[in-house]
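Tertiary structure, described
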Amino acid sequence: MSQKIAFQGELGAYGHEACAANYPDYEPLPCPTFTASIEAVRNGDADLGMIAVENSTYGRVADVHSLLPKSGLHIVDESFVRVHINLLARKGASLDDIKTAFGHVVILPQCTGFLREHGITGRVKSDNAKAARDVAEGDDMTIGALASELAADIYGLDVLARNIEDTDNNTTRFLVMAREPDYRRRGEHGMMTSFVFRVRNIPAALYKAMGGFATNGVNMTKLESYMVGGAFTATQFYAEIEGHPDDRNVQLALEELQYFTDLLHVMGVYPAAASRREPAKD
C-alpha cells in the first residue's frame, strides 16, 4: 500500500505541487480544509500532512498556528515552494476575453497589479484548483482561474499568462506534519526546533523569557503571538529557533524559558530547508 500525504485543496493546488516536489513517492490526498488535512493524518488516512503556514507576500496563513498546537501532530520537515500564479481559461479563450478571475483569498492580493492592468475583477474561491476545475466544467469564456500550471494540465485549460505575481520572490512555506516526532539529526543545513509557550502573568515575563536565548547564543527565527480561546488576556506564542533540543545552548535557553512560562510544548524538530540560506528556486 502506497504512503499518502494530505494537503488542503483539490488536485492541482499549490499544496499538491509542494507534495509532488518534496514527496514524489507519496500519493497526494486532497482535503477541503486545513483541519481536514490534519485529521486525515491523525486518523491514519494519510501518513504525512503538507500544511501551508505563511507566504512571503501575503503573510501568515490564517488560523494555522492555532490549529497546529491542538492537532496532536509533530513537525518533521519544512519546505519553501516558489509560487507562480498563472491565469487559466477555457481552451480558445484570449486574455482580452477574461473579465473575472477566481482564486483563493490568499492568492488575490499577490497579483493585484496584473489584474488591475488588464481590467480583470478578482473573485474569491475556496481553492485555486477548484477555481480551475469550475472554469473547465463551465462554458463561460470570460471567466478565468488563478492557479498553477499543474492545475491547467489536470483540468485541460489554457495558460493565458504565466508568472503574474506582483513580486519575483513569491514563496509559500509549508510544514510537514506526522503522528510521531522525529528527533534524528538530519539534513545538510542544521536543525530547527518549533515550540509553543505561554508566559506567566508577571511583569516583563516575555522579556525575561527571551533573555535565555540571547545569552546562550540561540538564534530565534520566528516569534508570533495569537489569542487563546478568544480571550484578549490569554496570549500564546509560537516560536522557531535554530538548533536541536540536545544542543547544550538550546537546553539552557529552554530551561530558562520554563521559569517564566506555565506552558511549553515542543511542536517539532526538523532539518532546516536549503531555502533558508538561499532564495527559493523557480
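Just so you know, these numbers come straight off a predicted model, no measurement behind them.

A short note on the layout of surface pockets
By rolling a water-sized probe across the atoms, one finds the places where empty space is left. By volume, the largest pocket amounts to about 420 Å³. Along its surface, the largest pocket is lined by 24 residues, and Gln8, Phe34, Ala52, His104 and Val106 are the ones closest to its centre. The set of elements that each furnish at least two residues to the lining of the largest pocket consists of α1 (14-22), β3 (48-55), α3 (64-67) and β11 (171-178). Looking at the lining of the largest pocket, the element that brings in the most residues is β3, giving three residues.

Quick notes on the sheet that holds strand β10 (residues 158-161)
Read across the open sheet, the five strands follow the order β8-β7-β9-β6-β10; overall the sheet is mixed. In this open sheet, the two edge strands, each paired with only one partner strand, are β8 (121-124) and β10. Averaged over all pairs of adjacent strands, the angle between strand axes in this sheet comes to 40 degrees, irrespective of strand direction. Direction of pairing for strand β7 (residues 100-103) relative to strand β9 (residues 143-147): parallel, over a ladder of three bridges. By the bridge assignment for β9, Thr100 is matched with Ile143.

Comments concerning the environment of Tyr58
Relative to the elements of secondary structure, Tyr58 occurs in the loop between β3 and β4 (59-60). Along the sequence, Tyr58 and Gly144 sit 86 residues apart, while their C-alpha atoms lie 21 Å from each other. Filtering out sequence-adjacent residues up to four positions away, Tyr58 remains in contact with Val105, Val106, Pro109 and Gln110.

Quick word on the packing of aromatic side chains
All told, the structure shown has four aromatic pairs when counted by the stated rule. Ring plane angle 35 degrees and centroid distance 6.0 Å describe the contact between Phe195 and Phe197, whose orientation is recorded as tilted. This pair shows no difference in class: Phe195 is buried, exactly as Phe197 is. When the ring of Phe197 is compared with that of Phe237, the centres are 5.2 Å apart and the planes differ by 15 degrees; the resulting orientation is stacked. You can see Phe197 sitting in strand β12 (residues 191-199) and its partner Phe237 sitting in strand β14 (residues 231-242), a full 40 residues away along the chain. A network of ring pairs unites the aromatic residues Phe195, Phe197, Phe213 and Phe237 as a single cluster. The positively charged end of Lys125 is found above the aromatic ring belonging to Phe102, 4.9 Å away from the centroid.

Some words on the side chain of Arg173
Along the chain, Arg173 turns up in strand β11. With relative accessibility at 3%, the residue Arg173 sits in the buried group. In terms of polar contacts, Arg173 uses its side chain to reach the side chain of Glu240, at 2.9 Å. Apart from the residues lying within four places of it in its own chain, the contact partners of Arg173 are Ile51, Ala52, Val53, Glu54, Glu78, Ser79, Phe80, Lys222, Glu240, Tyr270 and Arg276.

Here we look at helix α5 (residues 128-137)
For α5, every residue scored as buried is listed here: Asn128, Ala129, Ala131, Ala132 and Val135. End-on view of α5: buried residues confined to an arc of 155 degrees, all on one side of the axis. Summarising the contacts, the buried residues of α5 are in contact with α1, β6 (86-89), β7, β9 and α6 (149-155). Between the side-chain oxygen at the start of α5 and the backbone nitrogen of Ala129 there is a gap of 3.0 Å, and the oxygen is on Asp127.

Examining the pattern of salt bridges
For the structure shown, the criterion picks out 17 salt bridges. As a salt-bridge pair, Glu10 and Arg133 come within 3.0 Å of each other at their nearest N and O atoms. Placement of Glu10 in the loop between β1 (4-8) and α1 and of Arg133 in helix α5 is noted, with a sequence separation of 123 residues between them. Arg133 gets classed as partly exposed once you look at its relative accessible area, which sits at 27%. The partner of Arg82 in a salt bridge is Glu165, with the nearest N and O atoms 3.1 Å apart. Here Arg82, found in strand β5 (residues 74-82), pairs with Glu165, found in the loop between β10 and β11; they are 83 residues apart in sequence, far enough to count as distant. By the burial criterion, Arg82 is buried, and Glu165 matches it. Several salt bridges share partner residues, and in doing so they unite Glu54, Glu78, Arg173, Lys222, Glu224 and Glu240 into one network.

So, the state of the cysteines
If you walk through the whole model with that rule in mind, you get zero disulfides. In this structure Cys19 is not part of a disulfide, and its nearest cysteine sulfur, from Cys31, lies 9.6 Å away.

Cut-offs applied
Residues numbered from 1 in each chain as written. Predicted model: local features only at pLDDT ≥ 70, side-chain atom pairs only at ≥ 80, totals over all residues. Heavy atoms only, no water. 1 Å grid on protein atoms, 1.4 Å probe; cavity = no way out; pocket = protein on both sides within 12 Å on 5 of 7 lines; lining within 4 Å. Points joined across faces, edges and corners; volume = space filled by probe spheres on them. Helix = DSSP H or I, 4+ residues; strand = E, 2+ residues; numbered from the N terminus. Pairing = 2+ DSSP bridges. Axes fitted to C-alpha atoms, helices over the stretch in contact; angles between N-to-C directions. Contact = heavy atoms within 4.5 Å. Phe/Tyr/Trp six-rings, centres within 6.5 Å; stacked < 30°, edge-to-face > 60°. Buried < 20%, exposed > 50% of the residue type's maximum accessible area, 1.4 Å probe, protein only. Lys NZ or Arg CZ within 6 Å of the ring centre and 35° of its normal. Polar contact = N/O pair within 3.5 Å; in protein donor to acceptor, adjacent residues only side chain to side chain. Arc of directions from axis to C-beta. Salt bridge = Lys/Arg side-chain N within 4 Å of Asp/Glu carboxyl O. Disulfide = S-S within 2.5 Å.

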